[in-house]
Amino acid sequence: MVDVILGLQWGDEGKGKIVDFFAKNYDVIARFQGGPNAGHTLYVNDKKVVLHQIPSGIFHEDKTNLIGNGVVLDAVTLKKECKAVAEFGVDYKKNLFISERAHLILPTHRALDKASELSKGNDKIGSTLKGIGPAYMDKTGRNGLRVGDLLDKNFTTQYIKLRLKHQRLLDNFNFQEDISAWEEEFFEALEFLREFKIVNGEYFINEKLNAGKKVLAEGAQGSMLDVDFGTFPFVTSSSTISAGVCTGLGVAPQKIKEVIGITKAYCTRVGSGPFPTELLDDKGDFLRNAGNEFGSTTGRPRRCGWIDLVALQFACMINGVTQIVMTKADILDGLEELQVCNSYLVNGEEKNYIPFQMNKVDLKAVYKAFKGWHTDISNVKDFSSMPQEMKTYISFLNDFLKVPVKYISNGPGRNQIVSA
Ligand code: GDP
Ligand code: IMO
Ligand code: MG
């Protein structure tokens, strides 16, 4: 049986914390897409850790963690992350497995990401510049190199061939930066990667499933950044939705049971692209400061706004969400009143769907106001002790989305979570 935890918004919903919380109930925790564009924050012994590629189950010593074939892997970042988790006593050599089919992010992918963004002028995607787009382009373009290729004696020849192709593209972009230092670091990190347990991920995971083991698939980014269903072209380059679990790990759809969708009690987005409920005023500043909304990977300030139920309903539909976890509810503690977007005005007409290109239509969010609870909920341990205003808010969400909010996260700490 496979359960999935994924983001329902534009990323940074608190997936890392929630995966770490649920990991105790599973045997295998597996990343199925994305790469080091992700930044998943966890607190271990009250110390903050940000994971980019290692699954968020790594701090549970009896759990197996798998980087699946759907991930694009940066060996340099992996080496740094392994060092960081080792400081917590994690034996990553024992607990971390990598699919041989995962594609490698090369230094030239990072350069191409940067060159592509620079060429876009004012139409930048706001990519994390980790080489994600170019690495997935080489995968679907059937040029990429995979982790399993590292064990092939012709790896360097293959690398040089691809490097030449990339150089021609970089020349077209007139990209001048010297990447030799990146390449040196990259080849060192490949030696580190070769020592890992590189496995056939699809057999590995299906054998576990056949033996009755429980798998938790950990999504990165969010549903509105999905390459097909997100706010294209302002999206990432992978399938961030539940369907991505099948192709990103090699599991059949019938194996998927619970799809646990994570949403913040409000909404954030980092990078460019449409964001109907964005607050460009002091309320937005309040959310950014109270919620410490600065990117875990890039440090960029996150754009902040009210929760968007039209987008959430869409995400529930596309993913088949069976339960919701609401995070950062404590950030709303300081508000007298909060707003919930429950429809859009598209070219003056009230709609409750996501238009083809949000940024090309005149779109305004329509809100319903709720009374804030205006109390500190960060130490509340059970739902019955939550303020009535919060219960009203949750009850409205349940009715609107027709998917129950099952947990409310009321702080970044490992134990700050309340069952609803
Ligand atoms: P992810 O990418 O979805 O894993 O989310 P990030 O780690 O990028 O961003 C979520 C941020 O919110 C992190 O700094 C978490 O420590 C923090 N966080 C998660 N849940 C809560 C919560 O319920 N309350 C508060 N105050 N912070 C939270
Ligand atoms: P986690 O897993 C938030 C955004 C970037 C940019 C767009 C494309 O921590 O939630 P990319 O580098 O993927 O080509 O960038 O996607 N983005 C994220 N935003 N959280 C993330 O990951 C993100 N990963 C990518 O800001 O707008
Ligand atoms: Mg993040």
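Now for a look at the structure at hand. For every chain, the first residue of the written sequence is number 1, and numbering continues from 1 onward in sequence order. Chains carry letters from A onward and ligands carry numbers from 1 onward, assigned in written order. Given that this is a predicted model, residues contribute local features only at a pLDDT of at least 70 and side-chain atom pairs are listed and counted only at 80 or more, while totals for whole chains, interfaces and linings are drawn from all residues. Based on all heavy atoms of the structure, the side-chain values leave hydrogens and waters out of the count.

Concerning the packing of helix 11 (residues 309-319) against helix 12 (residues 388-401)
- Every axis in this analysis is a line fitted to C-alpha atoms, fitted for helices over the stretch in contact. Angles between the N-to-C directions lie between 0 and 180 degrees. Helix numbering and strand numbering both begin at the N terminus, where a helix is a DSSP run of H or I of at least 4 residues and a strand a DSSP run of E of at least 2. Where helix 11 contacts helix 12, the two axes come as close as 10 Å, and the packing angle between them is 50°. Relative to helix 12, the element helix 11 is oriented oblique. Remark: the crossing between helix 11 and helix 12 carries right-handed chirality. Facing helix 11, whose interface residues are Leu 309, Leu 312 and Gln 313, helix 12 presents Phe 396, Leu 397, Phe 400 and Leu 401. Working rule for angles: under 35 degrees goes down as roughly parallel, over 145 as roughly antiparallel, 65 to 115 as roughly perpendicular, anything else as oblique. Take the far helix as your reference; a near helix turned counterclockwise from it by less than a right angle gives a left-handed crossing, and one turned clockwise gives a right-handed crossing. Contact criterion: two residues are considered in contact whenever any of their non-hydrogen atoms come within 4.5 Å of each other.

A few points about the coordination of the magnesium ion (ligand 3)
- Asp 12 (OD) and Gly 39 (O) make up the full set of protein donors to the magnesium ion (ligand 3), lying at 2.0 to 2.2 Å. Note that Asp 12 is positioned in the loop between strand 1 (2-7) and helix 1 (15-22) and Gly 39 in the loop between strand 2 (28-31) and strand 3 (40-44), a separation of 27 residues in sequence.
- Accessible area is worked out with a 1.4 Å probe on protein chains only. A residue is then buried under 20% of its type maximum, exposed over 50%, and partly exposed in between. Judged by relative accessible area, Gly 39 falls into the buried class, the value being 9%. Metal sites are built from N, O and S donor atoms within 2.8 Å, or 3.2 Å for Na, K and Ca, and they leave out water, so they may look incomplete.

Digging into the site of ligand 1
- Any residue with a heavy atom lying within 4 Å of a molecule or strand is counted as near it. Ligand 1 sits among 20 residues. The nearest are Lys 15, Thr 41, Ser 296, Asp 330 and Ser 409.
- Here a polar contact means two N or O atoms within 3.5 Å. Within protein one must be a hydrogen donor candidate and the other an acceptor candidate, and residues neighboring in sequence count only if both atoms are side-chain atoms. In the model, an oxygen atom of ligand 1 is placed 2.7 Å from a nitrogen or oxygen of the Ser 296 side chain.
- Within the side chain of Arg 302, a nitrogen or oxygen atom sits 3.1 Å from an oxygen atom of ligand 1.
- Its free accessible area being 590 Å², ligand 1 has 93% of it covered by the protein chains.
- Elements supplying a minimum of two residues to the shell around ligand 1: helix 1 and strand 3.
- Basically, the charged four are Asp, Glu, Lys and Arg, the nonpolar ten are Ala, Val, Leu, Ile, Met, Phe, Trp, Tyr, Cys and Pro, and anything else, Gly included, counts as polar. Considering only residue class, the shell around ligand 1 consists of 3 nonpolar, 10 polar and 7 charged. The method behind every accessible area is Shrake-Rupley, applied with a 1.4 Å probe, and residues are considered shielded solely by the protein chains displayed.

Points about the nonpolar core
- Core analysis: the largest hydrophobic core is formed by 57 residues, its most contacted members being Val 245, Leu 249, Leu 332 and Tyr 393.
- The leading source of residues in this core is helix 12, at 7 residues.
- Not counting residues up to four positions away in its chain, the partners in contact with Leu 249 are Ala 30, Arg 31, Phe 32, Leu 66, Gly 68, Asn 69, Gly 201, Glu 202, Ile 205, Ala 217 and Gly 244. Nonpolar core, defined: a set of buried Ala, Val, Leu, Ile, Met, Phe, Trp, Tyr and Cys residues in which side-chain atoms within 4.5 Å join the residues together.

Section: helix 11
- Burial of helix 11 is extensive: 8 of the 11 residues sit out of reach of the surface.
- Regarding helix 11, the residues found buried are Leu 309, Val 310, Ala 311, Leu 312, Phe 314, Ala 315, Cys 316 and Asn 319.
- At its buried positions, helix 11 is contacted by strand 1, strand 11 (256-264), strand 14 (307-308), strand 15 (323-327), strand 16 (337-346) and helix 12.
- The N-cap residue of helix 11 is Asp 308: its side-chain oxygen and the backbone nitrogen of Val 310 are 3.0 Å apart.
- Phi for Gly 320, located one or two positions after helix 11, is positive at around 65°.

Concerning the site of ligand 2
- Close to ligand 2 lie 21 residues; Asp 12, Lys 15, His 40, Thr 128 and Thr 236 are nearest.
- Residue Val 270 places a main-chain N or O atom 3.0 Å away from an oxygen atom belonging to ligand 2.
- In the complex, the protein chains occlude 97% of the 550 Å² of accessible area that ligand 2 would expose alone.
- Grouping the amino acids of the shell around ligand 2 by side-chain chemistry returns 8 nonpolar, 10 polar and 3 charged.

Observations regarding the sheet that holds strand 19 (residues 405-409)
- For two strands to be treated as a pair, DSSP must find no fewer than two bridges joining them. Spatially, the 10 strands line up as an open sheet ordered 9-7-5-2-10-1-11-15-19-20, and their pairing is mixed. Across the chains shown, the open sheet's two edge strands, defined by having one partner strand only, are strand 9 (197-199) and strand 20 (417-419). Across the sheet, the axes of successive neighbouring strands diverge by a mean angle of 25°, strand direction being ignored.
- One ladder, built from 5 bridges, connects strand 11 with strand 15; its direction is parallel.

Structural notes on the state of the cysteines
- Cysteine sulfur atoms are paired as a disulfide whenever they come within 2.5 Å of each other. Considering all chains together, one arrives at 0 disulfides under this definition.
- You can see Cys 246 has no disulfide; the closest cysteine sulfur is in Cys 316, sitting 18 Å from it.
- There is no disulfide at Cys 341, and the cysteine sulfur nearest it, in Cys 267, is 9.6 Å away.

Spatial relationships are all this shows, so hold off on functional conclusions.
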